[in-house]
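Observations on chain architecture
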Amino acid sequence: MTVIRKASAFEILNHWVLAVSFLILAISGFGFLFQLEQLNAVFGNFNAMKNIHNYAGIVFTASLILTIFHYLPVSLKFGADDIAWFLNGGGYLSKKSKVPPQDELNAGQKLYYIVILLSGLAIAASGFAIWLRPQVPDIRKLVVLSHLVHNIAFDLMIIAVPLHIYLATLANPGTLRIMITGTVPLEWARKRHAKWVRKMGY
Amino acid sequence: MARKALLISPELCIGCRGCQTACKSWNQLPATKTVNEGSIENPPDLTPNLYNKIRYVEMPSNSNMVRWLFVSQRCMHCDDAGCIKICPAPGALFKTKEGAVGFDKDKCIGCKLCVAGCPFDVPRYDEKDKVSKCHLCSDRIAEGLEPACSKTCPTGAIRYGDRDNIIGKAQKAGYEKLYGQVDLGGLGVLYAFKDSPKIYGMDERPQIPETVVFWHKVLKPLAYWGLGGAAAVSLLHYLVIGPKKDEGGDQL
Amino acid sequence: MTNHWVDVKNADVVLVMGANPAENHPIAMKWVMRAREKGAKFIVVDPRFTRTAAKADIYASMRSGTDIAFLGGMIKYILDNNLYFRDYVANYTNATFLINPEFKGPGELDGVFSGYDEKTRKYDKKTWSIQMDDKGIPKKDMTLKDPNCVFQLLRKHYSRYTLEKVSSITGTPKEKLIEVYKTYASTGKPNRVGTELYAMGWTQHTVGTQNIRAMTIIQLLLGNIGLAGGGVNAMRGESNVQGSTDYGILFHILPGYLPVPSASVVDLKTYIEKFTPKTKDPKSVNWWGNRPKYITSYLKAIYGDNATKDNDFGYAWLPKLDEGQNGSWLMLFDQMFNGKFEGFFAWGQNPACSGANAGKVRKALAKLKWMVNVNLFDNETGSFWKGPDMNPKDIKTEVFMLPCASSVEKEGSITNSSRLGQWRYKAVEPIGESKPDSEIMNELYFRVKRLYQKQGGKFPDPIVNLTWNYGEKDASGKIKKVDTHSVAKEINGYYLEDLKVGKKGHLAVNFVSLQADGTTSCGNWLYSGSYTEKDDKVVNMMARRGKKDIGNLGMHPEWAWCWPLNRRIIYNRASVDPQGRPWDPKRAVIKWNPDKLDPKTKKTAPGWDGDVPDGPAPPMADEKAGKYPFIMRADGMGAIFGPGLADGPFPEHYEPLECPVQENPMSKKHRINPTVKLFYGVTGPHDKPVKDGGRPEDIFLTCDIRYPYVATTYRVSEHWQTGLLTRHLPWQLEMQPQQFVEISKELADEKGIKNGSKVTVSSARGKVWAIAVVTDRFKPFKVMDTTIHQVGLPWCFGWQHPEDGSGGDSANLLTPTVGDANTMIPETKAFMVNVEKA
């Protein structure tokens, strides 16, 4: 079987880092939001959980920044195909629905990345503001605003990420191997990223 | 148990600061090295080791050379407490059965969100980054004693008792509406002001920051509805439409 | 206090002048606020807008040291507008008395009363005498119209205190004066009562006693003495100052206000003759006529079996003053400065900070051979030798520190301003080597006694003959541990023989049972009845905690015990009309009841209801047995005319030693009180300091361009006295960390002083640094058409603690060496300073 490389080893690693740190942050975040004392079984106590949350935040932020090099340039290129993709609901609305050939990332993936990047940066910035409380004239305002931003971004991500996981697993069997080997079967790729496959010379 | 409250009557306060010392004494709070900055108000603001302080306000007067007001400043023990609302650590801030807002330094995670959530700028953080503030002497009142401040007050400017009772008494004394009677679900520290609360350095209408309310009412539910929704949509899609099958042929 | 703390709540008008209870007597404010809640008007008169003033309905500012002008104006206002309580004045005061026609006042004699001798600076009081009829009873004019009657003399004297004059002296706007006068004078009606609360703001002046006299006159004119909610009430500066005064801490009195004899009072007979006032008026109780019983019982208490009829009950062993000797604070430290003392016990005090002209005090300490400092902490006094401007190498004084127990580490009584003796219990054991004062005295006494016994010495008798039966003795005869209860019992007194009033060995029931023949003993007659026997059981009356009240007036007769005889309001016979009916039935202190029921015998007999009356005698109108109300006075009358004082029978305004005006606006000749003891020479008609008029330490400068601002010193609620106890409490220091000086915005602008900046305050005698507190609570005064600035600073700081020196030093480094003409209390409330940016 011919395979085609979709992600470098570093990309794979970084994606895992991002994913794992996100999971830690999201779970502990939920813990804080709803005061889930059951999580003490995992984290020990809330103080430990806060520390883990804070340091996971650093990892997450660093990882997120690295993704910029991987996904941002391609995510910013929008064209007619992308519009058509959206018009056809990404081909997910029925078994028959078809989408135009897509490049390396389809329109949904591009949008997803931009949402994740923006909300990720927002959640990181606001998180650091709450954590480190820089010297500003009105620290209370800053903390209140940061708290708001942190939670809006969290809401966005907590909706987007599960969909992303679903689409990358159950909805599209075979996708997950990108996160493992970095390669995909050519046939698989042709079906989903025809334009990109052609560009790659297959 | 009936909700307990303090009634603070600046009209009766003589600014002697017995309450300030009594508070420190009961709570064994260390002193801060201060300097006189041109006022007898000292320390100039609440600190992690100063739960209650007298604010001195000098202002112009028509009948006298000056008006000099004294008012006790401390945690208001809101019914609808912004600090508790926003606090992420279970048990770090809590309501006692008397209605006081207590705190547990061991459980506090030092995030300081309570500082942001408090409409009165009350919570302070100690050197270990733990919340610190007036707790209505919750250890005393749990034993049926009154708080150290009201116990010490020589003139009755700080009175302690059942909240309803206190309100009734104040109304009889001619205070139709007390500051804090209805605000924030009713404060646990009520003020009998003869003038606008503003001149005593208080907000006319104290409020939990709107964003905190928005977060509490919208964002917080959205987090689990969002997560649940995303999962549900995925499941539904999987069951109804199913995964993409490669045998479906090439893309166009 | 004539009345008591709780009684303040009964007043219709509360005047606080010469005091700042919100800061120095916070508990007093509890009752002031109670009175206010019931609709009373609260007036504060003070040079500065204090925390007390913040609570006032009417606040009037007044230049420091001009109280008599202020009050003199009120007396004139009351008389001019007929606001006095005529029945009271005519029946209960000496307003009706006719005075020697040769008596002249300062209005006629350039600022002095008749009889003044400029050389001795003393009055010959011959012309101040009261005219007597042929029975030896004062001549009276019940119409109050005789030009020689006290009432008319009073009117004449204060006719000079016009609103314009008063305002130009005090700097108080005329409208404010009228407002205060009108409000306070409204209590001249029988159903309205006013009270006055004062403290050191009145006493610490060269005219201190007369400040209080002026108020007494007002209270008598308005009929406010003896009534609930009335009186002239001294708020004592410490919880037990009343007690210490009662027990004779001052040089001129023995316990129970028995005079200390001078050397010329050679024996007990002479003493009794000299100090026992007499009256020929059958209606006068003249309680001091009992003096022989009290002095004899006192001698029996202190010398016990050694005091016998044959040896004059040991009278010869009593310490005597030299003729004219004054042993007051200023004199003691002056003598110490002169090297007249070898040693000094600084017991529970801190003179290096508390003494007026503390710089001189500190120098005086260096002249001592030894000093014993008895205190809770080392202080500026014990460590004076390493203080500022001191060279330890040059100082030979050996200092011993004896740590003593605090008030919660010992048992005993304290007497508060209400004359209320309250028993207190030991809460904790003294820490370390500290001991209660009584134990320190016990050690000292037995060591001194042993030395006298071994070595003899010049005059061992007073020591070796002293009784000291305060507990179990060890083999050497020393008391092992002082039992406070036995001290209290000795004070209460015993029957020493089987008497009609009681059996030998039993505790005296009260001072009425004391005898002048040596058959009773009593350490302090005023406290007789405080630790007594009831139904053959010993009762410590001071330990009672009953809450029962009389007529909701807050008298609480079963709460502890007050002198005399548990009488809560003294002169209460003046609270009823001559028929014994309360002037104000709603505030009945006592009331004559023709059918009073005796609870024991179940029989009725005429008697008094309510408080313990000033004697059981029927009301004054009773032809046979009626008595006058003012039982402590020989003539039985409240003294509007007071010839007993050194500086005049009526209070007259004199300027403080240091003042901002060239001359006394009331007098062309005498700027200052003409009878004060001067430590620095004066000259000319306006009492200017003469060149080289004395030691530089005692210098004063008045109306001098170098020291242009009036200053006053005071305490703050956060610190106690010199701050020795509170500066060691970090919590208190946190609130008041540093010496400060309060100045007006106007003066700050003039001098370019910023709020919170460091300034230097200096007087002719010394200087201190202070933080400027620039405030609207101080305002310049318009005095004699010029603008006068006043500043004020607390005296609670000292160089020794906090140890980094961040607190500053005592404001008493600035205050002058001069005192009141009668009491010698230093004039620390009004003097002149300069303020400069540091």
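Here's what I pulled together on the structure shown here. (Residues numbered from 1 in each chain as written. Chains lettered and ligands numbered in written order. Predicted model: local features only at pLDDT ≥ 70, side-chain atom pairs only at ≥ 80, totals over all residues. Heavy atoms only, no water.)

**Some words on the state of the cysteines**
Rules: In this description, the term disulfide denotes a pair of cysteine sulfurs within 2.5 Å.
Applying the stated criterion to the full structure yields zero disulfides over all chains. In this structure Cys83 of chain B is not part of a disulfide, and its nearest cysteine sulfur, from Cys75 of chain B, lies 6.2 Å away.

**Here's the deal with the interface of chain B and chain A**
Cut-off, in case you're wondering: Contacts are residue-level and defined by heavy atoms, with any inter-residue pair within 4.5 Å sufficient. The term buried area refers to how much accessible surface (probe radius 1.4 Å) is lost by two components on association, counted for both of them together. By convention in these notes, a salt bridge is any Lys or Arg side-chain nitrogen within 4 Å of a carboxyl oxygen on Asp or Glu. Pairing of N or O atoms within 3.5 Å defines a polar contact, subject to two protein rules: one partner must be a possible hydrogen donor and the other a possible acceptor, and residues neighboring in sequence count only if both atoms are side-chain atoms. For the purposes of this entry, the term helix denotes a DSSP run of H or I that reaches at least four residues, the term strand denotes a run of E that reaches at least two, and both are numbered from the N terminus. Each residue receives one of three labels: charged for Asp, Glu, Lys and Arg, nonpolar for Ala, Val, Leu, Ile, Met, Phe, Trp, Tyr, Cys and Pro, and polar for the others, Gly being one of them.
Tallying the contact residues gives 49 residues for chain B and 47 residues for chain A. Summing the contributions of chain B and of chain A, the shared interface buries around 4,200 Å²; its carbon and sulfur component is 61%. Counting every contact that joins chain B to chain A gives two salt bridges. Our enumeration of links across chain B and chain A arrives at 14 residue pairs in polar contact (both at pLDDT 80 or more). Of all the secondary-structure elements, those providing two or more residues to the side of chain B that touches chain A are α3 (113–117) and α7 (210–240) of chain B. Taken together, the residues of the side of chain B that touches chain A break down into 29 nonpolar, nine polar and 11 charged.

**Comments concerning the environment of Leu153 of chain C**
Residue and element names in this part refer to chain C. Our working definition: In this scheme, a residue with accessible area under 20% of its type's maximum is buried, one over 50% is exposed, and one in between is partly exposed, where area comes from a 1.4 Å probe on protein chains only.
Tracing the backbone shows Leu153 in helix α5 (residues 150–158). Judged by relative accessible area, Leu153 falls into the buried class, the value being 7%. In this structure, the C-alpha to C-alpha distance between Leu153 and Ala95, residues 58 residues apart in sequence, is 9.0 Å.

**Quick look at helix α5 (residues 107–132) of chain A**
One full turn of an α-helix is made of 3.6 residues, so residues set three or four places apart face in the same direction. Residues and elements named next belong to chain A. Applied cut-off: Here a helix's expected span is defined as the number of its residues, less one, multiplied by 1.5 Å.
For α5, with 26 residues, the first-to-last C-alpha span of 37 Å sits near the 38 Å given by 1.5 Å per residue. N-cap assignment for α5: the residue whose side-chain oxygen lies 3.0 Å from the backbone N of Gly108 is Asn106. At the C-terminal side of α5, Arg133 shows a positive phi close to 45 degrees.

**Some words on helix α6 (residues 163–170) of chain C**
Residue and element names in this part refer to chain C. We count it as follows: As used here, the arc is the angular range of directions from the helix axis to the C-beta atoms.
Regarding α6, the residues found buried are Val166, Ser167, Ile169 and Thr170. Seen along its axis, α6 keeps its buried residues to an arc of 165 degrees; they face one direction. The secondary structure elements touched by the buried residues of α6 are α3 (67–80), α7 (174–185) and β28 (781–783). Downstream of α6 by one or two residues, Gly171 has phi in the positive range, about 80 degrees.

**Description of the interface of chain B and chain C**
Taken together, the contacts link 39 residues of chain B with 40 residues of chain C. Approximately 3,200 Å² of surface area, both sides summed, lies buried where chain B meets chain C, with 56% of it carried by carbon and sulfur atoms. A per-residue breakdown of the area chain B buries against chain C is headed by Asn36, Met65 and Trp68 of chain B, which together make up 22% of the total. Across the chain B-chain C interface, the total number found is five salt bridges. Of the charged contacts, one joins Glu734 of chain C and Lys24 of chain B as a salt bridge, the two residues approaching to 2.7 Å between their closest N and O atoms. Between the two partners, chain B and chain C, sit 19 residue pairs in polar contact (both at pLDDT 80 or more). Going through the elements one at a time, α1 (18–27), β2 (53–59) and β3 (67–73) of chain B are the ones with two or more residues in the side of chain B that touches chain C. Tallied by class, residues from the side of chain B that touches chain C come to 18 nonpolar, 14 polar and seven charged.

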